[in-house]
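# Chain and residue survey
The residues making up each chain are set out below.
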Amino acid sequence: MARALPPAVLLLLLSACGGGGEEADPAAETRVPPALSERFHPPEGWAWGLVRTGSAPAQRYGVAAPPRVPRAAVVVVPSHGEPAEVWFETAADLIDQGFTVWALDRSTAGFAPDAANLRALAGRVIRPPPETPLVILAHADGAVPALRALQAGLKADAAILVSPDLAEREPTPAAGWLARLPTPRKAWSRDLPDDRALGLTSDPWRGAVRMAWQTANPDLRATEPDLAWREAHRAASRNVEAEAGNLRTPLLMLNPDAASAALCARLPDCGTRTIPEAGAALHLETDRRRNLLLAEIRSVALAASVARGGAPSD
């Protein structure tokens, strides 16, 4: 079987061909935290670039590929405040299974630029060949820009939404008014709880990864969502629901919240699965739970490959 291009070369070629705002960005690289276990380091050949649409700030993306023709391209859309670096272990596992992995950092400009740049990344940078399926892998509130991008015409073979988080509707006008009251914005601090302390995972080592990367790299630090972000999340969630008829991509939701499950029930090709006793960050969970996530990603991606005429296994 033919070998794929080295990831760094692949990235530069794609950036050169894409035009309109894609560029390699060596300065986007981050410092590996000291004493961080090697399994959480960047996958071999990981390279960074920037994608930009309109006047919104450029967004960082990364990519690494297997040393052979990939079975599928998987695009990770992290949650708010979660650097792409948190996904390195999962990316390496998927690359080992024969998938090219891309990750799009979230924008500070809002949900609409996230959705627009996701479309640009897929359509202008990745541009998978006809035999290579494209699978979106979105986490928590990252499901919202992923769904908006699909509704706006992003062509993907499937989407996996991990603990998708659509903003709930306010039950009463008074509740809506209270939700819009300004709240103190807590700045990033070394004393903030890690993902295990937040209840997102029960794994102590994986639960410390985000804080480790943010401690070593100030540019990766994020404040808690403020009023404007919560309003944008709510508005984008309502837009997703209002345009549900435009969602034709096969979807799988893992441990969805109530609003996401209700949306799934309205769609013609959407399924849900519950992974018991798991936190919202399934990619950071213990092996027993995390392996179920990896199996679902593999199953969806290989099914998409078979649908395009690929072989189900090597």
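Each value, and the rule that gives it
- Residues numbered from 1 in each chain as written.
- Predicted model: local features only at pLDDT ≥ 70, side-chain atom pairs only at ≥ 80, totals over all residues.
- Heavy atoms only, no water.
- Salt bridge = Lys/Arg side-chain N within 4 Å of Asp/Glu carboxyl O.
- Helix = DSSP H or I, 4+ residues; strand = E, 2+ residues; numbered from the N terminus.
- Core = buried A, V, L, I, M, F, W, Y, C linked by side-chain atoms within 4.5 Å.
- Buried < 20%, exposed > 50% of the residue type's maximum accessible area, 1.4 Å probe, protein only.
- Contact = heavy atoms within 4.5 Å.
- Phe/Tyr/Trp six-rings, centres within 6.5 Å; stacked < 30°, edge-to-face > 60°.
- Lys NZ or Arg CZ within 6 Å of the ring centre and 35° of its normal.
- Pairing = 2+ DSSP bridges.
- Right-handed = clockwise from strand over helix to strand, strands pointing away.
- pLDDT = per-residue confidence, 0-100.
- 1 Å grid on protein atoms, 1.4 Å probe; cavity = no way out; pocket = protein on both sides within 12 Å on 5 of 7 lines; lining within 4 Å.
- Points joined across faces, edges and corners; volume = space filled by probe spheres on them.
- Nonpolar A, V, L, I, M, F, W, Y, C, P; charged D, E, K, R; others polar.

What follows concerns the pattern of salt bridges. Overall, the coordinates contain 20 salt bridges when judged by the stated rule. Among the salt bridges present, the one from Arg206 reaches Glu89, with a minimum N-O distance of 2.8 Å. Placement of Arg206 in the loop between helix H5 (173–179) and helix H6 (209–216) and of Glu89 in helix H2 (residues 88–96) is noted, with a sequence separation of 117 residues between them. Connected through salt bridges with shared partners, the residues Arg39, Glu89, Asp93, Asp203, Arg206, Asp287 and Arg290 form a single ionic network.

Another point: the nonpolar core. Core analysis: the largest hydrophobic core is formed by 42 residues, its most contacted members being Trp102, Leu147 and Leu263. The biggest single contributor to this core is helix H3 (residues 111–126), with eight residues. Of all hydrophobic cores here, the second largest spans 39 residues; its members include Ala28, Ile95, Phe99 and Leu220.

Turning next to H6. Most of H6 is tucked away: six of the eight residues are buried. Buried within H6 are the following residues: Val209, Arg210, Met211, Trp213, Gln214 and Ala216. Elements in contact with the buried residues of H6: H2.

Here we take up the environment of Val74. Note on placement: Val74 falls in strand S4 (residues 72–77). Since its relative accessible area comes to 0%, Val74 is described here as buried. The residues touching Val74, leaving out its near neighbours within four places in the chain, are Leu94, Phe99, Thr100, Val101, Trp102, Val135 and Leu137.

Considering all chains together, one arrives at six aromatic pairs under this definition. Ring centres of Trp46 and Phe88 lie 5.2 Å apart, and the angle between their planes is 70°; this geometry places the pair in the edge-to-face category. Here Phe88 lies in helix H2 and Trp46 lies in the loop between strand S1 (23–24) and strand S2 (47–51), a separation of 42 residues in the sequence. For Phe88, a relative accessible area of 1% translates into the label buried. Chaining the aromatic ring pairs together yields one cluster made of Trp46, Trp48, Phe88 and Trp213. The ring of Trp48 carries Arg60 above its face, with NZ or CZ at 3.8 Å from the centroid.

Examined bridge by bridge, strand S8 (residues 251–254) and strand S9 (residues 270–273) share four bridges and lie parallel to one another. Along S9, the bridge assignment pairs Leu254 with Arg273. In this region the chain leaves S8, passes through helix H8 (residues 258–266) and returns to the parallel neighbour S9; the handedness of that crossover is right-handed.

We now examine the confidence of the model for the protein. For residues with low pLDDT, the predicted coordinates do not support detailed interpretation. Residue-level pLDDT values for the protein average 87, and 84% of them are 70 or greater. In this model residues 11–21 is a low-confidence stretch, pLDDT under 50, and it forms 25 contacts with partners more than four residues away in sequence or in other chains.

The element S4 is largely enclosed, with a buried count of six among its six residues. Covered by surrounding structure in S4 are Ala72, Val74 and Val76 together with Ala73, Val75 and Val77, the residues of both alternating faces. Pairing geometry for S4 and strand S5 (residues 99–104), over five bridges, is parallel. Bridge pairing in S5 links Ala72 to Phe99. Each parallel crossover has a hand, and the one from S4 via H2 to S5 is right-handed. For S4 and strand S6 (residues 134–139), the ladder comprises five bridges, and the chain directions are parallel. In the sheet register, Val76 faces S6, and the bridge partner there is Leu137.

The next subject is the layout of surface pockets. If you add up the space inside the largest pocket, you get close to 760 Å³. The wall of the largest pocket is formed by 34 residues, among which Arg106, Ser107, Thr108, Asp219 and Arg221 lie closest to the centre. Of all the elements in the fold, those that place two or more residues in the lining of the largest pocket are strand S3 (59–64) and helix H7 (227–242). Among the elements that line the lining of the largest pocket, the one with the most residues is H7, at three residues. Taken together, the residues of the lining of the largest pocket sort by class into 13 nonpolar, 10 polar and 11 charged. Within this model, the second largest pocket holds a volume of roughly 630 Å³. Contributing to the lining of the second largest pocket are 27 residues, with His80, Leu198, Leu200, Arg210 and Pro225 lying nearest its centre. Among the elements that make up the lining of the second largest pocket, the one with the highest residue count is H7 (three residues). Class assignment of the residues belonging to the lining of the second largest pocket gives a composition of 11 nonpolar, eight polar and eight charged.

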